[in-house]
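Examination of the molecular architecture
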Amino acid sequence: MSLAFSDAAMRRFEKIVSRYPNKQAALLPVLHLAQEEFGYVPPEAMEYVGALLGVPPIKVQHVATFYTMYNLKPVGRFHVQVCTNIACYLTGGPEIFAHLKRKLGVENKGTTADGVFTLEEVECLAACGNAPAIQVNDKHDHEWPIVYHEDQTVAKVDALIADLRKKASASP
Amino acid sequence: MLTIDGKSIPLACVDGRHTVLDAARAVGAHVPAFCSDRRVTTGGHCRMCMVEVDGRVVAACATAARDGQTVRTDTPRLKAYRQDLGELVVSEAAAGGRAGAELATMGVTGERYPLRRVAAGRPRDESHPYLRLDLNACILCRLCVRACDELQGQFVYAVTGRGASTHISWGEGAFKDSPCVSCGACASICPTGAITDRDRERSAGLIEDRVVQTTCSYCGVGCQLAVHAAGEHILRIEGARSPVNHEHLCVKGRYAHTFVHHEDRLREPLMRKSGVLTPVTWREALDRVASELRAAAPNVAMLSSSRCTNEENYLAQKWFRAAFDTNNVDCCARVCHAPSAAGMRATLGTGAATNSLEDLERCDVLLLSGSNTTESHPVTGARIKQAVLGGTRLIVVDPRRTELARMADLHLRLEPGTNVALLNSLAAALVDEGLLDRAFLETRVEGFEAYARFISACLPEDMEAITGVPASQVRRAARMYAGAARPMQAHGLGMTEHFQGSEGVMLLCNLALLVGAVGREGVGVNPLRGQNNVQGAADMGCQPDSTTGYQRVDDPAVRAKFTAAWGRPFPEREGLTLPQMYDAARRGELKAMYIFGEDVVQTDPDAHSVVAALRALDFLAVQEIFPSRTSALAHVVLPGASFLEKDGTFTNGERRIQRVRQVLDPVGDARPDWRILCDLMAASGFPQPFTRPSEIMDEIARVHPGFTGVSYPRLVRNGLQWPVPSAEHPGTPILHRESFPLPGGKARLVCVEYRRSPTLDARRGGDLMLITGRVLAHYNSGSMTRRTPNATLEPADRLQMHPTDADARGLRTGDVVRLENRFGEATGCVEVTDAVAPGTVFLTFHHPESNTNFVTSDVQDRIAGCPEYKLVPVAVSRA
Ligand code: SF4
Ligand code: SF4
Ligand code: FES
Ligand code: FES
């Protein structure tokens, strides 16, 4: 499969690159652009981005697999990311994650059949002071694409999921 | 003052460039350090090297050694920390190698933490002929990543994932399909055995009994090898510490050594009896050679070997000159860098690289002409890549889009055969735009006025139609080269193996002279010598017009000197060059030939005519390590020794004389070549007193003015760069600092007009222009590399062809094709690629089946007689 940016994306690409002293330095924002453009970042996208920026594809993989905000597989509308790193581990993160797996009927990184939720266990979200923390990305919400939910409990996440379901049926 | 465990430390370690780890090692304190290696930058990943500096726990490898520090490496607290860290390591990975051994001696048991072994299930791979990967042993020290990035510049590995799922990755698919170029740096540096290689696997269980430092014989870079051996086995080869290769090696130097014990090796002398080469005793073979040559003298010729040592080359020419009264001595420099020597001698006064490999790190612009360095001189190629990654600007002149051309700031992709037109236009742009070093031209160069008038007719705009390179690009290149503080040049056989080879090299010198880029650091004109000792063979006098030290045979003083030194009259007449030898043989004038370590039938151009010449001889003797197409025509074949089986010296492309040290005994009845030559000289009535190669070097030092200060004891560490005029002289990394060895001490600008190669007149409609050359995995005739697993990496000669030419012929990658022209026929295996331009094809000559040199042409460099390997029209069709 060969991927390529649309003309509009190409214009944005050039603008991004122009802000950096060299092309290689633009790797992170260009990967975000690729994710927006292709929905996620498959190996072909890494190769494409590498070729555009003069970065060996393996080094694109290095970066893309490190940051949890790049999705290596297609994700649902809401990307629910549950932290189980140390602070969250000690305050109930793993229980919340286990509960969500049962509730949504998916494994880690799985997507519900209706395509509404993708669940993922992630490393520290940098919200340790209010652990346990959950991050929810909404593909369709361009105003608030990323929302943090802190001091979570099993009851609170049940309410959260219900809310998101409502949002999904109101504006699919 | 800095103290470590109560011991004070030598001041040399506190100079800001050393770490606490270096300092600890200097006093002999043992600090485990898994992720640090002097070849690469600091990682600070493993934390094993923790020490206390003024009571604070820090990573020794990542902390600078400073005056006043009090360091402890062995407190109970440190021991406990390290122990715990070790337990964590083994809970994840089944580390072997030096890290595994260290953990075992620390008493790490793996019982403290539940075995997580997240590592189990990480990739394993055995698809590659040399490298083996099992990342279940990996402790994520990332040395492999740094080695591949910082030594080879290949970017094969990256750290993938995050947290517990972090692992080393080479991307999708089998390792053999990764961009790896098999340099082996990662296997050499990995502390755990997660990445290892065939040699380490093969030699497991054998106990090393010696490490011998010697010089690689696979190209003119002259890398220093540390050969680890046990009895008659080579366990593995590592790069040695040396200014030439800084412990780095390529796939040939590191891995291609198993040919030594290959069953095909010549193990006994052979003599033709009733038409068949039959084993005979050394005595019989030596006597036959001596008597045949004596009978035919002076109509005899010696082709000496650029793959053999200085001492052997010296003996070869001494033998023929003194015993057979002929200057008919040549070597394969004739077919590679003789034009560099001729061109540079005419302009700068010395036919050798003006600068050193180290200057590649000092220059700020590199003009690289006609060299696919990353394949033909891989360790220098890797060095250039690092320089370019570090900001050195690169201009590549090459009809092919080589790996370095892809990295270059400017790639001047000229039509093959138009070097002279292009270089003239570059020079014309310099003069036109006044980009000159006037002071240098004034004081150190002759002939600028006339040159300026001549060159004004060669503007880039005038030459564009010939070279195919847009004038604007040429002008940009001229500005970049002239604008540099330290503009350096290097060139390869793409410059020399042409109709105007020598003249092309003169033009490179012109460029350097115009901008004053000779005689100081980080500049110069530097031929990348092809074979390991082609510099040395020429230095030793294996050419028909001059003897040892480029002392000309037509100079009566030189003849008197050598007559006195050798005790024999020195022949007066200039001898024949290699192509002239063939002509004379075909005419019946040359009667006998001695070919030493060269398969001319496979490697010289227009092979059919070479065979005809050799067949016309009354007598042919060949000294070789493997049977070859040339030895098949011989009357006597003498089994010589490979570089691993003898002592001597090689001189690399930066004029560095380096030791070759014997690691193994010669196979079977084979003998070191210098010994064979001494025996032959004795049999020819010209006995020599030498019992070891160092004595031969002592004689060379007496007759070669540039070698006066050379002796084996002085070569122990890093060798010496000639000229070495006295026993105290440190050698000469940079030539021409003050003056040029030419009349008046000045260099000369040379006016050369572009001439079309006659080869182009033979071009028929539909013909493609063939360029020949080498690939990474093989060396020349391939006699050695084909007999190692390198053959798996590159099993056949590849014919690179542009997609448009391939489409026009309905060809695809993998198709076998026939190449044909008036000289003969060859075959190749198509690789469709845009590395070659439409209308040109590229073919290697490593495999005898391909007969590449059956189609190369009879056109020669007008001055040095070097064949035009880089340009001949061929018709290509499906086989
Ligand atoms: S493979 Fe070896 S060198 Fe690479 S990170 Fe793992 S242990 Fe270190
Ligand atoms: S062998 Fe060399 S090129 Fe290949 S992966 Fe290892 S370091 Fe990189
Ligand atoms: S550990 Fe969960 S946010 Fe830091
Ligand atoms: S050796 Fe110092 S951190 Fe690994």
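Look up a bit, the structure's there.
Read on for an overview of the structure. Values in this document were obtained by computation on a predicted structure and should not be read as measured data. (Residues numbered from 1 in each chain as written. Chains lettered and ligands numbered in written order. Predicted model: local features only at pLDDT ≥ 70, side-chain atom pairs only at ≥ 80, totals over all residues. Heavy atoms only, no water.)

1. Remarks on the pairing of strand β3 (residues 50-53) of chain B
Residues and elements named next belong to chain B. For the record, the criterion: Relative accessibility under 20% of the residue-type maximum defines a buried residue, over 50% an exposed one, and the middle range a partly exposed one, all with a 1.4 Å probe and only protein chains included. Helical segments are the DSSP runs of H or I of at least four residues, strand segments are the runs of E of at least two, and each set is numbered from the N terminus. Pairs of strands are assigned from DSSP output, requiring at least two bridges between the strands.
The side-chain alternation of β3 yields two buried faces, one formed by Met50 and Glu52 and the other by Val51 and Val53. Of the strand pairs in this sheet, β3 and strand β4 (residues 56-59) are connected by four bridges, and their pairing is antiparallel. Its bridge partner being in β4, glutamate 52 is matched across the sheet by valine 57. Looking at chain direction, β3 and strand β5 (residues 70-72) are connected through two bridges and run antiparallel. Bridge pairing links valine 53 to valine 71 in β5.

2. Here we look at a nonpolar patch on the surface
What counts is decided by this rule: Within this analysis, patches are made of residues with over 30% relative accessible area and no salt bridge. Like charges are joined at 9 Å or less; nonpolar side chains (Val, Leu, Ile, Met, Phe, Trp, Tyr) at 5 Å or less. Surface accessibility follows the Shrake-Rupley procedure with a 1.4 Å probe radius. Residue values consider only the protein chains on display as shielding. By salt bridge we mean one thing: a side-chain nitrogen of Lys or Arg within 4 Å of a carboxyl oxygen of Asp or Glu.
A contiguous nonpolar surface patch, about 250 Å² in accessible area, is contributed by Leu28, Phe66 and Tyr67 of chain A. Structurally, leucine 28 of chain A is set in helix α2 (residues 27-38).

3. Comments concerning the site of ligand 2
Residue and element names in this part refer to chain B. To keep things clear, this is the line we draw: For each residue, the test is whether any non-hydrogen atom lies within 4 Å of the molecule or strand; if one does, the residue is near. A pocket here means an open set of points on a 1 Å grid, computed over the protein atoms alone, that has protein on both sides within 12 Å along at least five of seven lines. A cavity is instead a set of points where a 1.4 Å probe fits but cannot get out; residues with an atom within 4 Å of a point line either one. Whether a molecule sits in a cavity or pocket is decided by its atoms, more than half of which must lie within 2 Å of the grid points. Gly is placed with the polar residues, together with every amino acid not listed as nonpolar (Ala, Val, Leu, Ile, Met, Phe, Trp, Tyr, Cys and Pro) or charged (Asp, Glu, Lys and Arg).
Among the 14 residues in the neighbourhood of ligand 2, the closest are listed as Cys148, Cys180, Cys183, Gly184 and Cys186. Mapping ligand 2 onto the cavity grids shows that it belongs to the second largest cavity. Where the shell around ligand 2 is concerned, the elements lending two or more residues are α4 (143-152) and α5 (185-189). Partitioning the shell around ligand 2 into residue classes produces ten nonpolar, four polar and no charged.

4. Describing the side chain of arginine 77 of chain A
Residue and element names in this part refer to chain A. Our working definition: In this analysis, two residues are considered to be in contact whenever any of their non-hydrogen atoms come within 4.5 Å of each other.
Of note, arginine 77 is situated in the loop between α4 (57-66) and β1 (78-83). Take arginine 77: its relative accessible area is 9%, and that puts it in the buried class. Ignoring anything within four residues of it in the chain, the contact list for arginine 77 reads Gly115, Val116, Asn137, Asp138, Lys139, His140, Lys167, Ala168, Ser171 and Pro172.

5. Quick notes on helix α6 (residues 93-104) of chain A
Residue and element names in this part refer to chain A. Heads up, the condition is: To estimate the expected span of a helix, count its residues, drop one, and scale the result by 1.5 Å.
With twelve residues, α6 ought to run about 16 Å at 1.5 Å a step, and its terminal C-alpha atoms sit 16 Å apart, in line with that. Contact partners of the buried residues in α6: β1, α5 (86-90), β2 (117-122), β3 (134-138) and α7 (154-170). Following α6 by one or two positions, glycine 105 has its phi on the positive side, about 70 degrees.

6. Brief notes about the interface of chain A and chain B
Reports of interface size often rely on the accessible area that becomes lost once the parts have come together. Threshold: By buried area we mean how much accessible surface two parts lose on assembly, using a 1.4 Å probe and totalling the loss over both. We call two N or O atoms a polar contact when they sit within 3.5 Å, provided that within protein one can donate a hydrogen and the other can accept it, with sequence-adjacent residues counted only if both atoms are side-chain atoms.
Facing twelve residues of chain A, the contacting portion of chain B comprises 16 residues. Carbon and sulfur atoms make up 55% of the area that chain A and chain B hide from each other, which totals about 1,100 Å². At the boundary of chain A and chain B, one finds one salt bridge. Of the charged contacts in the structure, one is a salt bridge between lysine 59 of chain A and aspartate 149 of chain B, with a shortest N-O distance of 2.8 Å. In this assembly, chain A and chain B are joined by seven residue pairs in polar contact (both at pLDDT 80 or more). Sorting elements by how many residues they give to the side of chain A that touches chain B places α4 of chain A first, with six residues.

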